[in-house]
Amino acid sequence: MIHGLAVSLLTFTLIYASLGNEIEEKSTSVTEEPKPHSASEEGRSCGCNFLNRAGVSSGSKSGVLFPEAAVKYTREANEPPVKNTKETARFNQMVLIPRGVFLMGTDEPAIPQDGEGPARRVHIQQFYMDMYEVSNLEFEHFVNATGHVTEAEKFGDSFVFEGLLSEKVKNKITQAVAAAPWWMPVKEANWRQPEGPDSSLADRLEHPVLHVSWNDAVAYCAWAKKRLPTEAEWEYACRGGLENRLFPWGNKLLPKDQHYANIWQGDFPAHNTGEDGYTETSPVTAFPPNGYGLYNMVGNAWEWTADWWSVHHSTDETHNPTGPATGKDKVKKGGSYMCHKFYCYRYRCVARSQNTPDSSASNLGFRCAADQLPDYLQ
């Protein structure tokens, strides 16, 4: 556990920077990809990058904040090895991503302040990637095997989108994120209770696990003989073999009027019409896979990567880049079910955002990568 952090709601950094007119609600068509009125509109955020806890360490050169904690959850430290169960085997599958070269980033960034550019030539060696986002069922298997307690559980609270909360829970909340008032710190919100104490995982075991910090994700990966993907690996895998395309399936948001991702339709944050079939997370198996056979690479839940955050990138050609040696925030990719064209146009392969490594929220999860296929999956 991160030392020196309070476990009350006061541990959250509540950003009191006004967005002014940027909080104005806007609607968008659900039948075709709308065109933004200006670059500033594209840069609007759903606010989840503000959901950071205070007093976070600046990290270490190893990229692991607490390596001694991660070791605790390796398979070697938890003999006998945990085997893939019949239930988890359906979701715990990995895909071989072939080696290749691609243009990472873009020279036409939709949100320049996020460091989406410039485009640079990147070589990627072959690796394995989880076919699906880590599900509640798989994370439960990990917790049962190791006794892991997530940071949201240790702190006693986590951020939840207001639209998912019951009136009973909302009536007890006195704080919100000023820059994104639809985000609220909720006591006892965690992966088991995504919307607080009156919620559960009933009917959601096949959905992505939420309220997991970067540190929680690292612990899971170490236990599973996997790791988090680098940002370059993630983006390469997201593209599914396509070049210069916005989404994992191409440039059109709704090919043949079919939904390919779980994102927000309607007026954000007032009303999600759910025309893609969901108003919150969807099962990790939902929607068609990309060219590499990966599901939900954009939308549904944000996914942690291994890299420290930076908005400055060299145009030099690189091989298997791993990002900055140190930093304050970690990169997350893919967007979530809360992403909307005019508030968080980050459900694109090049899009990116960040949070501190101990942050957690009701739209943040992860998937794993590996250099070699773990023995128990062979």
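Here the residue numbers are simple positions, counted from 1 along each chain's written sequence. Under the rules for a predicted model, residues below a pLDDT of 70 receive no local features and side-chain atom pairs below 80 are neither given nor counted, while totals for whole chains, interfaces and linings still include all residues. With hydrogens and water excluded, all non-hydrogen atoms of the structure serve as input to the side-chain values.

Draft legend 1. View of the sheet that holds strand S14 (residues 369–370). For two strands to pair, DSSP has to find at least two bridges joining them. The numbering of helices and of strands both runs from the N terminus, where a helix is a DSSP run of H or I of at least 4 residues and a strand a run of E of at least 2. Reading across from one edge, S1-S4-S14 is the order of the 3 strands in this open sheet, with antiparallel pairing throughout. Whereas interior strands pair on both sides, the edge strands pair on one side only; in this sheet they are strand S1 (94–97) and S14. Where strand S4 (residues 127–130) meets S14, 2 bridges bridge the pair, whose relative direction is antiparallel. Paired with Tyr128 across the strands is Ala370, a residue of S14. Any two residues having at least one pair of non-hydrogen atoms within 4.5 Å are treated as being in contact. Only C-alpha atoms enter the line fits that serve as axes; for helices the fit covers just the stretch in contact. Angles between N-to-C directions range over 0 to 180 degrees. Strand contacts of helix H8 (residues 231–239): S1 and S4, with the helix running at about 70 degrees to S4, the strand carrying the most contacts.

Draft legend 2. View of the nonpolar core. In plain words, nonpolar cores are sets of buried Ala, Val, Leu, Ile, Met, Phe, Trp, Tyr and Cys residues tied together by side-chain atoms within 4.5 Å. Under the scheme applied here, a residue whose accessible area is under 20% of the maximum for its type counts as buried, over 50% as exposed, and between as partly exposed, the area being computed with a 1.4 Å probe on protein chains only. Formed by 77 residues in total, the largest nonpolar core has its most connected members in Ile97, Met129, Phe139, Trp183, Tyr220 and Phe366. Examining the composition of this core, we find that 7 residues originate from one element, helix H7 (residues 214–223), more than from any other. The contacts of Tyr220, once residues within four sequence positions are left out, are Val134, Glu138, Phe139, Phe142, Phe366 and Cys368. Membership of the second largest hydrophobic core comes to 7 residues, among which are Val160, Val169, Val186 and Ala189.

Draft legend 3. Inspection of the packing of aromatic side chains at higher detail. For this analysis, a ring pair means two rings from Phe, Tyr or Trp (six-membered ring only for Trp) whose centres lie within 6.5 Å, classed as stacked if their planes differ by under 30 degrees, edge-to-face if by over 60, and tilted for the remaining angles. The final tally for this structure, using the stated rule, is 23 aromatic pairs. Seen in terms of ring centroids, Trp182 and Phe268 are 5.3 Å apart; in terms of plane orientation they differ by 80 degrees. Their pairing is edge-to-face. Taken together, the residues Trp182 in the loop between helix H6 (167–170) and strand S6 (183–187) and Phe268 in the loop between strand S7 (266–267) and strand S8 (271–272) connect sequence positions 86 residues apart. Each member of the pair, Trp182 as well as Phe268, is classed as buried. Between Phe247 and Trp249 the ring centres are 5.2 Å apart and the planes differ by 20 degrees, which places this aromatic pair in the stacked class. Accessibility assignment for this pair places Phe247 and Trp249 in one class, buried. One aromatic cluster is present, formed by Phe139, Phe142, Trp191, Tyr220, Trp223 and Phe366 through successive ring pairs.

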